[in-house]
Amino acid sequence: MRQLSAHDASFLYADTRHANANVTLIHIYDQRTAPGGVVRFKSILQHIESRIAQLPLFRQKLHRVPLDLDHPYWVDDEAFDLEYHVRHIALPKPGDWRQFCIQASRIHARPLDLSRPLWEIHVIEGLDGLLDLPEGTFALLTKTHHAAIDVESGSEITSLLHDLTATPPVPAPPPPWFPEAPPGLARVLARGVAHTVAAPVTAAGPVGRAWQAAAPAAVEFFGDLWKPRHALPVTRFNAIVSPHRVFETRRFMLDELKAIRALAPEATVNDAVLAVCGGALRRYLQGHGELPRESLSAMAPFYVRRPGVAGGPGKAGGAGTGGKIGMGGRSLQRTTAGSDEPPQQLSWTRVDLGTHLVDARQRLAHIQAQTSSSEVIHRAVGARELVEAGHHLPAATLALAGKWLGAWSGPGGLAGISGLGSLERRAPPAHCTITNVPGPQETLYLCGARMTYFSAIMPISDGNGLVFAVTSYDGRLIISPTSCRELMPDPAVFARCVRDSFQELLALAREPVAAAGPASRKPRRKPQPHPQPSSQPAAAPKEPAPRRRATPARRRASPAGRRSPTSPAG
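Every chain begins its residue count from 1, and numbering advances along the sequence as written. Local features in this predicted model are restricted to residues whose pLDDT is 70 or higher, and side-chain atom pairs enter the listing and the counts only when it is 80 or higher, whereas totals over whole chains, interfaces and linings include all residues. Only hydrogens and water are removed before side-chain values are computed, so all heavy atoms of the structure are retained for them.

Caption draft 1: Highlighting the pattern of salt bridges. Here a salt bridge means any side-chain nitrogen of Lys or Arg lying within 4 Å of a carboxyl oxygen belonging to Asp or Glu. Taken as a whole, this structure holds 13 salt bridges when the rule is applied. R32 is the partner of D30 in a salt bridge, and the nearest nitrogen-oxygen pair spans 2.7 Å. Across the pair K93 and D128 runs a salt bridge whose closest N-O atoms are separated by 3.1 Å. With K93 in the loop between strand 5 (86-90) and helix 4 (97-109) and D128 in the loop between strand 6 (119-127) and strand 7 (137-145), this pair connects stretches of sequence that are 35 residues apart. Accessibility here uses a 1.4 Å probe with only protein chains present; expressed as a share of the type maximum, an area under 20% marks a residue as buried, one over 50% as exposed, and anything in between as partly exposed. Under the relative-accessibility criterion, K93 is labelled exposed at 65%. Connected via shared salt-bridge partners are R87, E120 and K143. Helix and strand labels come from DSSP, where a helix needs a run of H or I of at least four residues and a strand needs a run of E of at least two; each type is numbered from the N terminus.

Given below as structure tokens:
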């Protein structure tokens, strides 16, 4: 019996009827490499059964404490049924990319049964209309609740199910499994009462230390939380979300992103990804006539080196002096003998995306200047300290806070009652989220079928209706936006904005460099009014002309608005 941490339990407490914390990993396969050229569902089922013992959580369910006096426990599911969790469906003809995105979004949006282990695997066949892939292509969707396995650990599932060779080993017979009986009611109640009573004492030290380290960040955090609406712009993605989801994706060569980062001195691939996402958000909102004059921002992961690790505090991933906004996956490395803690800690901070800048080169430089600044590092460390203090709060308080926020912001919630809508007028902490889902760096196989694509569909919530999942696999980097069907009725249009933003930066990166050496200091001649100056981004494509928005942000999607390409290629 293992208890959920406060951080993991918070995802359960914040679930609402229209927004849950599901994370869906998407894998697509070419089965021509499998023995006989065919992978059958029965073989996949046997393969999963032979390896599920390596991840005990897959056979455990939640055991909640009455009145939420304490965090839930993971207990063995005595009625575990593998075929309930592994499901088999097929797309109708023609089986193109648009159909697949719609089906994957529907699967992701459905809440998981909290009385069973919090995961599902969907095998989807009939992907016969994808470009560059043959008929018989199939996909594997692994849906897991964020409380069970977080995004960073998602790669553990991928590694567990896959092999490094197209010749799969013979599945070993599953070891015998004998579930343990769940704890009695009196036992969990006694533990809950004891933890609640002891919480103020155990929290005194950590909260005091956290407050000393994070007081400046706390003032800024709560200041941002209650800023009036006019202080930060609000977009269509900072509204209440519906239960429906949309998902799209675009793939890019990693070498081309490395070329893009050279547009700004000391910029990283992560900076280039942020610039692509910021340019896409600018193009999309401008195309709908909704682009604010002020710059929009994103919440992005920030890696801080642990104390005592070589490199000193504030350095992340060998980025040099100062931390960097990092979207690389967390890798478990032994920092000390017998320790499996990662050398870096993950925090989150807000990054200005420079959407007010027309020049994409300037936008990248604007982002790079932030991600290398000591001010960002200070805020990120303070925010992490605040989060760690939450581990010492009573479970009932966290549960009440999660339910209160859901009731406040949900449809028909307290925010809609006259006189209680002040929360509705505060500014959003950010306009979107850009997060990384670690992907494999080598070619993987499932029952002999070669994996050709890896991406993710992320959870969204009220006020945070747009999330970019950034994954990498086989020399490509994949950017996959997730949103709500009412907030983004045209996901294919948004995906084209991602592609066009990337192409604009790539065109600038491929421009010929002037041959003048650094010793030349002759004054430049003023450009004549007729020819266009060479310093202007002449190679950048024209942005879409703004058009008047005809309907409110929350609207239903038309069939034309949901058109998608026939493949996820960029």
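Caption draft 2: Representation of the sheet that holds strand 2 (residues 22-30). At least two bridges found by DSSP between two strands is the condition for calling them paired. Ordered by their spatial adjacency, six strands build an open sheet running 5-6-7-2-14-13, and the pairing between neighbours is mixed. Each edge of the open sheet is held by one strand with a lone partner, namely strand 5 and strand 13 (445-446). Of the pairings in the sheet, the one linking strand 2 to strand 7 comprises eight bridges and is antiparallel in character. The partner of N22 across the bridge, within strand 7, is H145. Only heavy atoms matter for contacts: two residues are in contact if any of them lie within 4.5 Å across the pair. Note on geometry: axes are lines fitted to C-alpha atoms, helical ones only across the stretch in contact, with angles between N-to-C directions running from 0 to 180 degrees. Against the sheet, helix 2 (residues 41-51) engages strand 5, strand 6, strand 7 and strand 13, with an angle of about 160 degrees to strand 5.

Caption draft 3: Representation of the sheet that holds strand 4 (residues 73-76). On the basis of which strands lie adjacent, the open sheet formed by three strands has the order 1-4-3 and antiparallel pairing. At either margin of the open sheet sits one strand with a lone partner, and together these are strand 1 (2-3) and strand 3 (60-63). As judged from the two bridges shared by strand 1 and strand 4, these two strands associate in the antiparallel manner. For R2, the partnering residue across the bridge sits in strand 4 and is W74.

Caption draft 4: Looking closely at empty space enclosed by the protein. Points on a 1 Å grid, built from protein atoms alone, make a cavity when a 1.4 Å probe fits but cannot get out and make a pocket when they are open with protein on both sides within 12 Å along at least 5 of 7 lines; residues with an atom within 4 Å of a point are the lining residues. Grid points are joined across faces, edges and corners, and a volume is the space filled by probe spheres set on the points. The full count for this structure, using the stated rule, is two cavities of 30 Å³ or more. A volume near 30 Å³ is recorded for the second largest cavity. Around the second largest cavity, the lining residues are L254, Q441, S472, Y473, D474, G475 and R476. Residue composition of the lining of the second largest cavity, by class: two nonpolar, three polar and two charged. Residue type decides the class: Asp, Glu, Lys and Arg count as charged, Ala, Val, Leu, Ile, Met, Phe, Trp, Tyr, Cys and Pro as nonpolar, and the leftover types, Gly among them, as polar.

Caption draft 5: Highlighting the environment of T471. Position of T471 among the secondary structure elements: in strand 15 (residues 466-473). Sequence separation between T471 and S455 is 16 residues; the distance between their C-alpha atoms is 5.8 Å. What T471 contacts, discounting residues up to four positions off in sequence, is V437, F454, S455, A456, R476, L477 and I478. From its side chain, T471 meets the backbone oxygen of F454 in a polar contact 2.9 Å long. Polar contacts here mean pairs of N or O atoms no more than 3.5 Å apart (in protein, one a potential hydrogen donor and the other a potential acceptor; neighbouring residues in sequence count only if both atoms are side-chain atoms).

Caption draft 6: Expanded view of the confidence of the model for the protein chain. Confidence scores per residue from the predictor, reported as pLDDT, run from 0 to 100. Per-residue confidence for the protein chain averages 75 on the pLDDT scale, and 62% of its residues sit at or above 70. Scored below 50 in pLDDT, residues 201-205 makes three contacts in the model with residues more than four places away or belonging to other chains. Here residues 209-214 is modelled with pLDDT under 50, and outside its nearest four sequence neighbours on either side it reaches eight contacts, counting other chains as well.

Caption draft 7: Region of the structure containing the side chain of S105. Following the sequence through the fold, S105 ends up in helix 4. Its relative accessible area of 3% is what places S105 among the buried residues. A polar side-chain atom of S105 sits 2.8 Å from the main-chain carbonyl oxygen of C101. With residues up to four places along the chain from it excluded, the contact list for S105 reads R245, V246, F247 and I457.

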